[in-house]
Amino acid sequence: MTRAVVTGIGIASPNGLGPTAYWRATLQGETAIKPITRFDSANYWAKIAGEVPGFEAGRHLQGRLLPQTDHMTRLTLVGTDWALRGAGVQPNDIPDTDIAVITAATAGGYEFGQRELQKLWHQGPEYVSAYQSFAWFYAVNTGQISIRHGTRGPGAVVVSEQAGGIDSIGHARRQLRKGVQLALTGGMDSSLCPWAWVAHQASGRLSRNNNPRRAYLPFDRDASGYVAGEGGAIMVLETPESASERPGTRIYGEIVGYASTFDSRMPSREPGLKRAAELALRDAGMDASEIDVVFADAAGIPELDKAEAEAIKGIFGPYGVPVTAPKTMTGRLFAGGGSLDVASAILSIYWSAIPPTVNVENPVPEYELDLVMNEARHGKIKAALVLGRGKGGFNSAMVVREYR
Amino acid sequence: MSRRAVITGVGVVAPGGIGTKAYWNLLSEGRTATRIITHFDASPYRSRMAGEADFDPVREGLTPQEIRRLDRAAQFAVVAGREAMSDSGIEFDQLDPGRIGVSLGTAVGCTTSLEREFIVGSDRGKYWEVDQSYAVPHLYDYFTPSSMATELAWTVGAEGPVSVVSTGCTSGLDSVGYAAELIMEGSADVVVTGGTEAPLSPITVVCFDVIRASSTRNDDPTTACRPFDKTRDGLVLGEGCAIIVLEELEHARARGAHIYGEVAGFASRCNAYHMTGLHPEGIEMSDAINIALKQARADATDVGYINAHGSGTKQNDLHETAAFKRSLGAHAYKTPVSGFKSMIGHSLGAIGSLEIVGSLLAFEQDLIPPTANLHEQDPECDLDYTPLVAREKKVDTVLTVGSGFGGFQSAMVLKKVEGAGR
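About the thresholds
- Residues numbered from 1 in each chain as written.
- Chains lettered and ligands numbered in written order.
- Predicted model: local features only at pLDDT ≥ 70, side-chain atom pairs only at ≥ 80, totals over all residues.
- UniProt positions renumbered as here; feature names shortened; annotations may be inferred.
- Axes fitted to C-alpha atoms, helices over the stretch in contact; angles between N-to-C directions.
- Helix = DSSP H or I, 4+ residues; strand = E, 2+ residues; numbered from the N terminus.
- Parallel < 35°, antiparallel > 145°, perpendicular 65-115°, else oblique.
- Left-handed = near helix turned anticlockwise from the far one by under 90°.
- Contact = placed C-beta atoms within 7 Å.
- Nonpolar A, V, L, I, M, F, W, Y, C, P; charged D, E, K, R; others polar.
- Pairing = 2+ DSSP bridges.
- Expected span 1.5 Å × (residues − 1).
- Buried ≥ 20, exposed ≤ 12 C-beta atoms within 10 Å, placed from the backbone.
- Domains from an automatic or database assignment.

- Under an unreviewed UniProt entry, the name given to chain B is Actinorhodin polyketide putative beta-ketoacyl synthase 1, and the organism recorded is Lentzea cavernae.
- Turning to chain B, the UniProt annotation filed under Sequence similarities (unreviewed entry) states: "Belongs to the thiolase-like superfamily. Beta-ketoacyl-ACP synthases family."

- Named according to an unreviewed UniProt entry, chain A is Actinorhodin polyketide putative beta-ketoacyl synthase 2 originating from Lentzea cavernae.

1. Comments concerning the packing of helix H3 (residues 72–88) of chain B against helix H6 (residues 146–156) of chain B
Residues and elements named next belong to chain B.
For step 1, the next point in the chain: Relative to each other, H3 and H6 sit at 30 degrees, their axes nearing to 9 Å. Judged by the inter-axis angle, H3 sits roughly parallel to H6. Helix-helix and strand crossings are classified by hand; for H3 and H6 the assignment is right-handed. Contact with H3, carried on its side by Ala 73, Ala 74, Ala 77, Val 78, Gly 81, Arg 82 and Met 85, involves Met 148, Glu 151, Leu 152, Thr 155 and Val 156 of H6 and no other residues of that element.
For step 2, the next point in the chain: Tallied by class, residues from the contact of H3 with H6 come to eight nonpolar, two polar and two charged.

2. Focus on the UniProt feature "domain: Ketosynthase family 3 (KS3)" (unreviewed entry) in chain A
For step 1, the next point in the chain: UniProt's entry tags residues 1–402 of chain A with the feature "domain: Ketosynthase family 3 (KS3)" (unreviewed entry), counted in the numbering of this structure.
For step 2, the next point in the chain: As annotated, residues 1–402 of chain A comprises 32% helix and 21% strand, and the C-alpha atoms at either end are separated by 17 Å.

3. With respect to the environment of Ala 135 of chain B
For step 1, the next point in the chain: Mapped onto the elements, Ala 135 of chain B comes out in the loop between helix H4 (111–121) and helix H5 (139–143).
For step 2, the next point in the chain: Sequence separation between Ala 135 of chain B and Pro 97 of chain B is 38 residues; the distance between their C-alpha atoms is 35 Å.

4. Here's the deal with the interface of chain B and chain A
For step 1, the next point in the chain: With 70 residues of chain B in contact, the opposing surface of chain A contributes 60 residues.
For step 2, the next point in the chain: Those elements that provide at least two residues to the side of chain B that touches chain A are H4, H5, H6, strand E6 (162–165), helix H7 (171–185), helix H8 (202–210), strand E10 (261–270) and helix H10 (283–295) of chain B.
For step 3, the next point in the chain: The leading source of residues in the side of chain B that touches chain A is H8 of chain B, at seven residues.
For step 4, the next point in the chain: Classifying every residue of the side of chain B that touches chain A by side-chain character gives 36 nonpolar, 22 polar and 12 charged.
For step 5, the next point in the chain: Relative to E6 of chain B, strand E6 (residues 155–159) of chain A runs antiparallel, the two sharing two bridges. Residue pairing across strands places Val 158 of chain A opposite Val 165 of chain B, the latter belonging to E6 of chain B.

5. Remarks on helix H4 (residues 110–123) of chain A
Because each turn of an α-helix spans 3.6 residues, side chains separated by three or four positions in sequence point in the same direction.
For step 1, the next point in the chain: In a regular helix each residue adds 1.5 Å, so 14 residues correspond to 20 Å; H4 of chain A covers 19 Å between its end C-alpha atoms and thus fits that length.
For step 2, the next point in the chain: Of all 14 residues that make up H4 of chain A, 10 are buried, and the element is covered over most of its length.
For step 3, the next point in the chain: All buried positions along H4 of chain A are accounted for by Tyr 110, Glu 111, Phe 112, Gly 113, Gln 114, Arg 115, Glu 116, Leu 117, Gln 118 and Leu 120 of chain A.
For step 4, the next point in the chain: Looking at the buried residues of H4 of chain A, the elements they touch are helix H3 (71–86), helix H5 (132–135) and helix H8 (194–202) of chain A together with H4 and H8 of chain B.
For step 5, the next point in the chain: Looking one or two residues past H4 of chain A, Gly 124 of chain A carries a phi angle of roughly 125 degrees, positive in sign.

6. Some words on the domain arrangement of chain A
One widely used convention gives an interface's size as the accessible area the parts lose upon coming together.
Residues and elements named next belong to chain A.
For step 1, the next point in the chain: Taken as a whole, chain A is organised into domain 1 (4–244) and domain 2 (258–401).
For step 2, the next point in the chain: Centre-to-centre separation of domain 1 and domain 2, based on C-alpha positions: 21 Å.
For step 3, the next point in the chain: Of all the elements in the fold, those that place two or more residues in the side of domain 1 that touches domain 2 are strand E1 (4–13), helix H1 (19–27), strand E4 (48–50), helix H7 (164–177), strand E7 (182–189) and strand E8 (231–238).
For step 4, the next point in the chain: A per-class count over the side of domain 1 that touches domain 2 returns 26 nonpolar, 22 polar and 11 charged.

7. What to know about unusual backbone geometry
Residues other than glycine predominantly adopt negative phi, and peptide bonds predominantly adopt the trans conformation.
Residue and element names in this part refer to chain A.
For step 1, the next point in the chain: Although it is not a glycine, Tyr 319 sits at a positive phi angle of roughly 50 degrees.
For step 2, the next point in the chain: Topologically, Tyr 319 is positioned in the loop between helix H11 (302–316) and strand E11 (322–324).
For step 3, the next point in the chain: You can call Tyr 319 partly exposed: it has 13 C-beta atoms within 10 Å.
For step 4, the next point in the chain: One non-glycine residue with positive phi stands out, namely Ser 352, at about 55 degrees.
For step 5, the next point in the chain: Note that Ser 352 resides in the loop between helix H12 (335–351) and strand E12 (353–354).

8. Focus on the UniProt feature "domain: Ketosynthase family 3 (KS3)" (unreviewed entry) in chain B
For step 1, the next point in the chain: Here the UniProt-annotated "domain: Ketosynthase family 3 (KS3)" (unreviewed entry) positions come out as residues 2–416 of chain B.
For step 2, the next point in the chain: With 35% helix and 20% strand, the stretch residues 2–416 of chain B has end C-alpha atoms that lie 18 Å from each other.

Here it is in structure tokens:
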């Protein structure tokens, strides 16, 4: 079977731009959840978020791209540049039809969309941007990456709420198996504008606690919902043969297992997260005992935390595996979250360290989880399991392993 | 032995009629269902026409709860999904739910509901800071289109892989291609797939107005969409939904199912050219066609019918005509081509699935639906576009293509299955 290795990682996270800054901050437990600055949050009950600071799109992208892109597309394009540069891929290294682009989306370019909706209804149809037809639709990031880098292989976009970031990487691996050499994949998301904020609040899942240290506490007895954030990760995924054509290419790790499942609406049925994890392990041909860390979905909602704890306990036994949720530092990043978790898992393996779950002080004892709290745990990590869930019933699991 | 994905059930909501039967009647008779928009007052806009579905959710069996909760596109998916389930003859509750998946295509998701709620919350765009007190409980479900896949998954009882595939105007082909991959790789035995779209709201109409992609033949809406005709002046929007039950071949044979055909080959390509523009040479679409044919182990000369994208823009007509010639060579001139958007408009992320279903029915009936409104063929488009009247022809391999904003080019090869429906 064709293997899939990660050779480039581009990250835009509230606690760091680029894999180096992100990883340093993440290992140190630097939280980036703060009062919202992107819009005036005075009239909304939720007032904190994880914003990517210091991102000046104009420094990275040509001026002509700015009027036609939403913030999330700009983050995506810069992240992709990063990943490609890290992987040492030069134009023409790889035939353009052998490069796939597979991204995840949740709500598209929402801020761009709000601006155009406002123009349409307040000023009139003649004021609507000519770019509206594509700047806010879900497929935009894949299209823009393809144009920017001249890739003419397969393109796809998957939407499965917050599980999509994992699904996109799973689908990219599928493309490698179908014969492409390299895939640009993952998700970067942002929906920090008033119109999106009203929707986030309506999800019923945002925390009503506006203390940045007390708002998003997965697996804690004070869990009260999550905090929304922006950012994510774009990766270069390729076959080892492709990577070996560029001598000196760094291989961060390998994607060895993936599966997704869905929760029944019937309460009598068991939620699908455990099954997704088991299927991903089976796909990897690995036993649970070979997993050194679990990057949890960590919903921060008591009943979902309980369900996840039960799934983890069901596979690994009580306190059977270190569990972590570095997203406590950034908030949940929607289509970007699963991808950033996979990137974190790969960096964990590469740098032999598990980043901490911050702010959690009183984990629910009945969950019986070995939650990595307060400080990073150092030591050899050979393989990690990444879990993700999306509102509506989506479950995804991915197994990553050191490359050997 | 390799696993193959076959179609055993279809369901349709389309302009001109609800249900597969009404849809086929329209296509086979070459009637058009485009008209002046009635869903809202379109008089301020440049293009005021669309293919609208006469869809009454109450008559189609949706509960008042479902009607209040679901965007129109999600309502379509539930109704067409039920028809497809029943048509397949599968007793879904007897299957292992973990082996049932869903892959649903949509380009703009629940935009219609989002726009409606925006108007209220912002007081017709007066306030940037949208008022939180007007937020409806299901606003977040409109925010992300994966909620529609959830709804369809609930309808069929899926607990396997579930996702929305959203690649603009090729979503309806790509979602079915994705579903076929799930079956072939063994992740599911049955995948309920297809595409749904109900994009007829001012913001989407204006999107196409401002780039002058849509037709302005407002005084003659029933003949406004004229692919391959030299008088064409743009696309006409549409709405609709087609849901397809895709099943592993042996699974279908074991229960003696009626098999419409096989998804024998599928490929997508990015054109890396322009977010809305097409290169007249059609290289990427041709690449996608070649790969899909190869996967289907079919030669260009096996193709008996080409279901075109046929959106009604000159750019598209030249693009795909070039792609067909590039891939099929001399055989392209002998192969009937037709475009359904001339009859039902362009329903963005749904149309690809509607075109698949129409092509499968062409298998069944040995009849190729025509391109409507094609009176004066553009001399630059020199293939056989099956003008006006359906044509009797026995076909066992169909090529269907799609092309969309973002540069997406997709091709699918559908084949008749030997010994189907014993």
